[in-house]
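A structural walkthrough
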Amino acid sequence: MLDALFKPKAVALVGASTKELSIGNVIIRNLQRYGYKGAIYPVNARADEVCGLKSYPSLADIPGEVDLAHIIIPSQFVPQAIEECGQKGVKAVIINSAGFSEMGEEGARLQAEFLANARKYGIRLFGPNCQGIINSDPELNAYCNFTFTFPKPGSISVVALSGGVGALIMQALDDLDIGQRLYASNGNACDVSIPEIIHYYGEDEGTKAIILYTEGFDKPREFLEVTRKVAARKPVLAMKAGRTEEGAKAASSHTGSLAGVDIATELIFEKIGVLPFRDEGEMVRAAMAFSSQPIPAGNRVGIITNTGGPAVIATDVLVGFDLEVPKLSAASIDRLHETQFPEAALENPIDVVATAGGPQFRAALDVMMDSDQIDCVYINFVTAPFTDTDAVAREIVEVNLQKRKPLVCNFMTNLKLERFQKTMAILKEGEVPFYANPGDAARALGALVQYGRIQRRDIGQPQVFDGTDAARARAIIEQARQAGRTVLSACEVYGIFEAYGISVAPWQVVQNADQAVAAAAAIGYPVVVKVDSSKIDHKSDMGGVAVNLKDAATVLSTVEEMQRRLGHFGELGFLVQKFLPGGRELIIGATAERNLGHLVMFGLGGIYVETLKDVAFKVAPVTGVEAAEMLAAIKTSALLDGVRGETGINRQAVIELIQRVSQLLGDLPMIEEMDLNPIMAFADRAFAVDGRIRIQTGG
Ligand code: ADP
Ligand code: MG
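Residues numbered from 1 in each chain as written. Chains lettered and ligands numbered in written order. Predicted model: local features only at pLDDT ≥ 70, side-chain atom pairs only at ≥ 80, totals over all residues. Heavy atoms only, no water.

**Side note on the overall build of the protein**
- Counting secondary structure elements, the protein contains 24 helices and 30 strands.
- A burial count over the protein gives 56% of its 699 residues as buried.
- Of all intrachain contacts in the protein linking residues separated by at least 6 positions in sequence, the fraction that spans at least 24 positions is 71%.
- For the protein, the exposed surface amounts to about 28,600 Å²; the carbon and sulfur share of it is 52%.
- Considering the protein, the positive charge centre built from 67 side chains and the negative charge centre built from 84 side chains are found 1 Å apart. (Helix = DSSP H or I, 4+ residues; strand = E, 2+ residues; numbered from the N terminus. Buried < 20%, exposed > 50% of the residue type's maximum accessible area, 1.4 Å probe, protein only. Contact = heavy atoms within 4.5 Å. Areas by Shrake-Rupley, 256 points an atom, 1.4 Å probe, with all protein chains shown as cover. Lys, Arg positive; Asp, Glu negative; His and termini not counted. Charge placed at Lys NZ, Arg CZ, Asp CG, Glu CD.)

Structure follows, in structure tokens:
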């Protein structure tokens, strides 16, 4: 429970200061200014009074109980201060001081020391090197933070690792006059973690939506498990800094080259239903809509406008968010005929025209709210000076407060004119989310719709296939490890695939030309011969793949020729495989992400991986729904169904293959990298014809 941190009844400040320009002074004044309802205890042995409050020589001298202490003293004294907090019975500590793990070895030693002291007493630590928390609940008004924005109470809670970005978001929300509930910026996060805070916000009744800013996760699994549950109940709007290249761009030749490129965080967001943003302004404006509007039941938008062009701009943006602008029913249009001016356009968008007043706007809004073809409403409202704009605003507010369907308003005006300030005040008072341009309003509505879609989407559970043989696969890997190899041989790779029911083109591994001929006869012509050596990565680049060999003589000469040409790589083995012509070449790949598990990749395989980079990624385990999404996500998805008379592939077979790979990865976390490239997909089945597996060294 983080109540002691977020709902402290009494706060002590170890390192309270009489100097105005110091953190130990600012926090006290912030608490006072925000109207903190609890007791404030400055601790400073050299002062009798700080900010008009009695100062105590030490924590032990404080008469009452202390829930929360700020520590604002040089780092070397922090371990001792925590010890004293423990003796005083302090439950949570915000360490504002810096100079710990971010400062190298000595700092890290201090951090370990104070952490040990905290554990001894069961104290929860927030920070170090952090701002702190804010709780705007009017019953409490806890401003345990040294920054300068004083948010009004509301329903948006913010968590940010970086204090700078946290403050930026808080100020941006405040600039839009959006109320905030809880705020936390936890800096080094040595104890209280972001997932824990998100969990707490999830449980907090006053929090309607959560804003998260992060720079990545130490424990992505924990984040994933916790946030998945919260995001199902409350919108979580998130931004991740340090995003680099598009995933597809990263997949230069195979999945392994993904390593080091952080696409994992966005994939995690997608998997657990967190709304991703790439711009903090857009995120904050979306939060404004989330704080007052219901979640749309679908993606069909009704547009009402009193000016033409901006509706066109808005429509483009809305359609970009996959919103539909459906035609209105005849009954709806009849109703509009009765209420609108003759010049009005009675379609969707409804153009009520510039002379429209309150009654026209209201009638159009009512039609949209009543129509069962419409899930949400977008309004363009330009303050035409020859109309009663206040009356229009009041009608929008009245409909908004009914909360039947979400609406947003693009409010185009001149705020230097007092008259329109008043109109704006009416919208604001009536909790209408309004924006200064069509794009911003449309993107905010787009985010609402996107969240509705996420909430309705059910990715299902990962399928567990019967008859798989994890023990056999582990034994194969163990053997390779014993032999000191991290790249598995063809025999080992196909053995593991077979243990997971992954269809493989019939194959045999042989050591010489005569054995190859015998193997080919057993498999049946035509066959493929491939060189098998841990030193050769891309076999065809080295001339190590010969396809469509139709008879024994060709197999014999092919193997002998490869032996001559590639013999300098050392002892060679040969894979003889059934030749499977005419399939669509696909790739399934996987790469391990630190502390997360595996990312799974799907795309067009063979030569297309390099040339088109047309791939999609998911975080394992991949469910059937997600696998189907992967097939649909690639740009060349239509090719899978066949074009110009070609037969398409069996999508279901590939979806199953992806899930079998996913199960394999879950059982074998020591796999660092894996590719099935290509998979040969046909109208009925799909076979792996090439595979690579690299495992971790040691352990
Ligand atoms: P590498 O990727 O090491 O170069 P592959 O085994 O993937 O070697 O073979 C290269 C290409 O040869 C494949 O992309 C595919 O086009 C073709 N190929 C390989 N095996 C078969 C097979 N069994 N049937 C049909 N074509 C194959
Ligand atoms: Mg290959």
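After presenting the structure, the write-up continues.
**Overview of the site of ligand 1**
- As a structural note, the neighbourhood of ligand 1 is formed by 17 residues, with Lys530, Lys539, Ser540, Lys578 and Glu585 the closest of them.
- Between ligand 1 and the protein, one listed contact pairs an oxygen atom with a side-chain N or O atom of glutamate 585 at 2.4 Å.
- One of the side-chain nitrogen or oxygen atoms of aspartate 690 is found 2.9 Å away from an oxygen atom of ligand 1.
- Expressed as a share of its isolated accessible area of 540 Å², the protein-covered part of ligand 1 is 85%.
- Within the residue set of the shell around ligand 1, elements represented by two or more residues are β22 (527–532), β24 (573–578) and β28 (671–681).
- Looking at the shell around ligand 1, the element that brings in the most residues is β28, giving 3 residues.
- Its residues placed into classes, the shell around ligand 1 shows 7 nonpolar, 4 polar and 6 charged. (Near = heavy atom within 4 Å. Polar contact = N/O pair within 3.5 Å; in protein donor to acceptor, adjacent residues only side chain to side chain. Nonpolar A, V, L, I, M, F, W, Y, C, P; charged D, E, K, R; others polar.)

**Observations regarding the nonpolar core**
- Within the largest apolar cluster, 57 residues are counted, with the highest numbers of intra-cluster contacts made by Phe6, Phe126, Ile197, Tyr201 and Leu212.
- If near-sequence neighbours (up to four positions away) are discounted, phenylalanine 126 is found in contact with Leu5, Val93, Ile94, Ile95, Gly132, Ile133, Ala184, Ser185, Asn186, Val192 and Ile197.
- Counting residues in hydrophobic clusters, the runner-up holds 50 residues, among them Ile476, Ala627, Ile634 and Met674. (Core = buried A, V, L, I, M, F, W, Y, C linked by side-chain atoms within 4.5 Å.)

**Description of the coordination of the magnesium ion (ligand 2)**
- For the magnesium ion (ligand 2), the full set of protein donor atoms is Asn677 (O) and Asp690 (OD), and the range of their distances to it is 2.1 to 2.2 Å. Placement of the pair is asparagine 677 in strand β28 and aspartate 690 in the loop between β29 (686–688) and β30 (691–695), with a sequence separation of 13 residues.
- Given the relative accessible area of 15%, asparagine 677 is considered buried. (Donors = N, O, S within 2.8 Å, 3.2 Å for Na, K, Ca; no water.)

**Details of the domain arrangement of the protein**
- Domain parsing of the protein yields domain 1 (1–131), domain 2 (147–291), domain 3 (294–456), domain 4 (506–578) and domain 5 (584–695).
- One C-alpha centre belongs to domain 2, the other to domain 3, and the line joining them spans 29 Å.
- Contact residues are listed per partner, giving 17 residues for domain 2 and 16 residues for domain 3.
- Interface area for domain 2 against domain 3, summed over the two sides, is near 1,300 Å², with a carbon-plus-sulfur share of 67%.
- The largest contributions to the domain 2 side of the interface with domain 3 come from Leu275, Arg285 and Ala289, which together make up 35% of the buried area.
- One can count 2 salt bridges joining domain 2 with domain 3.
- Residue aspartate 440 pairs with arginine 285 through a salt bridge whose shortest N-O separation is 3.4 Å.
- Between the two partners, domain 2 and domain 3, sit 6 residue pairs in polar contact (both at pLDDT 80 or more).
- Every element with two or more residues in the side of domain 2 that touches domain 3 is listed here: α7 (220–233), β14 (275–277) and α10 (280–292). (Domains from an automatic or database assignment. Buried area = accessible area lost by both parts, 1.4 Å probe. Salt bridge = Lys/Arg side-chain N within 4 Å of Asp/Glu carboxyl O.)

**Quick word on the packing of aromatic side chains**
- Evaluation of the coordinates by the stated rule reveals 16 aromatic pairs.
- With 5.2 Å between their ring centres and 75° between their planes, tyrosine 34 and tyrosine 143 make a pair best called edge-to-face. Placement of tyrosine 34 in helix α2 (residues 23–34) and of tyrosine 143 in strand β9 (residues 142–144) is noted, with a sequence separation of 109 residues between them.
- Overall, tyrosine 34 belongs to the buried group, its relative accessible area being 11%.
- What links up through ring pairs into an aromatic cluster is the set Phe361, Phe381, Phe411 and Phe434.
- Here arginine 33 stacks its cationic end above the ring of phenylalanine 150, 4.2 Å away from the centre of that ring. (Phe/Tyr/Trp six-rings, centres within 6.5 Å; stacked < 30°, edge-to-face > 60°. Lys NZ or Arg CZ within 6 Å of the ring centre and 35° of its normal.)

**Here we look at the side chain of histidine 70**
- Assignment of secondary structure puts histidine 70 in strand β5 (residues 68–71).
- When near neighbours in sequence (up to four residues on either side) are disregarded, histidine 70 contacts Val11, Ala12, Leu13, Val14, Ile27, Ile94, Asn96, Cys144 and Asn145.

**What about the pattern of salt bridges?**
- A complete count under the given rule lists 39 salt bridges for this structure.
- Residue aspartate 177 pairs with lysine 152 through a salt bridge whose shortest N-O separation is 3.8 Å. Here aspartate 177 is found in the loop between α5 (163–175) and β11 (180–185), whereas its partner lysine 152 is found in the loop between β9 and β10 (153–160), with 25 residues between them in sequence.
- The exposure class assigned to aspartate 177 is partly exposed, which follows from its relative accessible area of 31%.
- A single network of salt bridges, built from pairs that share partners, joins Asp537, Glu673, Asp675, Arg692 and Arg694.

**With respect to helix α14 (residues 389–402)**
- Compared with an ideal rise of 1.5 Å per residue, which puts 14 residues at 20 Å, α14 spans 20 Å between its outermost C-alpha atoms and is within 8% of the ideal.
- Looking only at α14, the buried set comprises Thr389, Asp390, Ala391, Val392, Ala393, Ile396, Val397, Val399 and Asn400.
- The inward-facing, buried residues of α14 abut α13 (358–370), β18 (376–382), β19 (407–412) and α15 (418–429).
- Taken from the residues just after α14, lysine 403 is the one with a positive phi, measuring 50°. (Expected span 1.5 Å × (residues − 1).)

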